[in-house]
Amino acid sequence: MKSLYVHIPFCDHICSYCDFCKVFYKEDWANQYLEALSYEIKDKSIHGDYDTIYIGGGTPSSLSLKQLDTLFKMLEPLSNQVKEYSIEMNPESINEDKIDLLIKYGINRVSIGVQTFHDSLLEKIGRYHTSQQAIECIKMLHAKGIEDINVDLIYGLPSQTIQDIDEDIALINNLQISHLSIYSLILEEHTILKNQDYQPLDDEADAYWYEHINQKLKEIGFVHYEVSNYYRRKPSLHNLVYWHYQDYDGIGISAHSLKNHHRLENTNSLTQYINHHYLKEDVLLSREDELFEKIMMGLRLVDGICIDEINQQFDIDFLKQYQHTIEKYRTLKMLEIKNHYLRTTALGMNYLNTILVDFLDDEI
């Protein structure tokens, strides 16, 4: 097992677009949660050294300094050989003491939920930080020696313009950000913006923005390696484990694991979790499930799917089995084959969900 995901569900506030598993932060809840997290590690007999550890949420940085110290001590026996040790943080909950704690425990990558550097847009989506806070946090991390910094941005926000995105990208460049995740706003049911009937970008507008963003990032030296992810120095080693469809461990409320052809899903109930009833579902994946998920994750990567590898892993003739779908989208210039890899073109990236539906139908 190469990678471990740790979910911290607590947030100081709920953003208007968010559909992740989250809970308002309360000190006693967080303390009980950390105790239950320790129980899950012991109960699952999780041990050994991971190449990557990713602490996500929620907002992990909403934990107090003492609680973060407890969390990092808990994970310390698992991190002796870690190459990439990441944590998600929000600008309003980052301070110098917390950064010093990260360094003490070897966390070497920070992902910051900025979303936009425009204060008027931040207010519309329910964010509690300002653009200046985000900038100062990034500068503080650099000053402390943490150079592997990811910034999350969103496009398609209410009243956002292309010029707003261009200004955000210019700031990313000036702040020497090494990795960028930029997502089109997609509203799930029961999010605040969805309930307010906000309409995200339509497909045509989304494709235009996406192509514009790709070009702007290419001009300043970013390498596009996954649908929504770009790097200057190196890609996210942890996320590549997901996209290459490799096994990983997940702990915490709502966390998933993939191991030995099983997908394990934890409960999304805080009450159940703190009472040590963490496992919700254990599904044995069929060969067809795994093949489709391999395709689904692989086509997210700009490099695409290694045809020789998938043939060997599943004992199939991949190009023959999916001939209809592959030829259809090659004709439409949405898929291409290069150096024994099937990959999605820039145009195809905008229609990936449609392409995947056809792969699934081909399989059925």
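What you are looking at is a predicted structure, and each value in this text was computed from that prediction instead of being measured.

The rules we used
Residues numbered from 1 in each chain as written. Predicted model: local features only at pLDDT ≥ 70, side-chain atom pairs only at ≥ 80, totals over all residues. Heavy atoms only, no water. Axes fitted to C-alpha atoms, helices over the stretch in contact; angles between N-to-C directions. Helix = DSSP H or I, 4+ residues; strand = E, 2+ residues; numbered from the N terminus. Parallel < 35°, antiparallel > 145°, perpendicular 65-115°, else oblique. Contact = heavy atoms within 4.5 Å. Salt bridge = Lys/Arg side-chain N within 4 Å of Asp/Glu carboxyl O. Buried < 20%, exposed > 50% of the residue type's maximum accessible area, 1.4 Å probe, protein only. Arc of directions from axis to C-beta. Polar contact = N/O pair within 3.5 Å; in protein donor to acceptor, adjacent residues only side chain to side chain. Pairing = 2+ DSSP bridges. Core = buried A, V, L, I, M, F, W, Y, C linked by side-chain atoms within 4.5 Å.

The subject of this paragraph is the packing of helix 1 (residues 27-43) against helix 2 (residues 65-75). For any two helices packed against each other, one specifies the crossing angle of their axes together with the interaxial distance. Between helix 1 and helix 2, the shortest axis-to-axis distance is 11 Å and the interhelical angle comes to 0 degrees. Taken together, the axes of helix 1 and helix 2 lie roughly parallel to each other. Judged by residue contacts, Glu 27, Ala 30, Asn 31, Leu 34, Leu 37, Ser 38 and Ile 41 of helix 1 engage Gln 67, Thr 70, Leu 71, Met 74 and Leu 75 from helix 2.

Going through the model one piece at a time under the given rule, you end up with 16 salt bridges. Between Glu 293 and Arg 263 there is a salt bridge; the shortest N-O distance is 2.5 Å. Remark: Arg 263 occurs in strand 13 (residues 262-266) and Glu 293 occurs in helix 11 (residues 287-298); sequence separation between them is 30 residues. Of the residues examined, Glu 293 reaches a relative accessible area of 15% and is grouped as buried. Judged by its relative accessible area of 22%, Arg 263 is partly exposed. Each of the salt bridges in this network shares a partner with another, and the network as a whole consists of Glu 84, Arg 109, Asp 148 and Lys 234.

This paragraph deals with helix 3 (residues 96-104). Residues separated by three or four positions in an α-helix point in the same direction, a consequence of the helix having 3.6 residues per turn. Buried within helix 3 we find Lys 98, Ile 99, Leu 101 and Leu 102. Taken around the axis of helix 3, the buried residues stretch over an arc of 155 degrees, which confines them to a single face. The inward-facing, buried residues of helix 3 contact helix 2, strand 5 (84-89), strand 6 (109-115) and helix 5 (131-143). Where helix 3 starts, the residue carrying a side-chain oxygen 3.1 Å from the main-chain nitrogen of Asp 97 turns out to be Asn 95. One or two residues past the end of helix 3 sits Gly 106, with phi positive at roughly 85 degrees.

An order of 12-13-14 is seen for the three strands of this open sheet, with the pairing classed as antiparallel. On the outer flanks of this sheet lie strand 12 (256-259) and strand 14 (279-284), each paired with one strand and no other. Recorded for the sheet is a direction-independent mean angle of 15 degrees between the axes of neighbouring strands. Where strand 12 meets strand 13, four bridges bridge the pair, whose relative direction is antiparallel. If you follow His 256 over to strand 13, its bridge partner there is Glu 265.

Attention now moves to the nonpolar core. Core analysis: the largest hydrophobic core is formed by 87 residues, its most contacted members being Phe 72, Phe 318 and Phe 359. Per-element tally for this core: the top contributor is helix 1, with six residues. Discounting residues that sit within four places of it in the chain, Phe 318 has contacts with Ile 295, Ile 305, Ile 307, Ile 310, Asn 311, Ile 326, Leu 342 and Phe 359. By size, the runner-up hydrophobic cluster in this structure holds 15 residues, among which are Tyr 54, Tyr 245, Ala 255 and Met 297.

For the rest of this paragraph, the subject is the pairing of strand 7 (residues 148-155). The element strand 7 is extensively covered by neighbouring structure, given that eight of its eight residues are classed as buried. Across the two faces of strand 7 the burial is the same, with Asp 148, Asn 150, Asp 152 and Ile 154 and Ile 149, Val 151, Leu 153 and Tyr 155 all buried. In this sheet, strand 7 lies alongside strand 6 in parallel orientation, the contact comprising six bridges. Within strand 7, the residue paired with Val 110 across the bridge is Ile 149.

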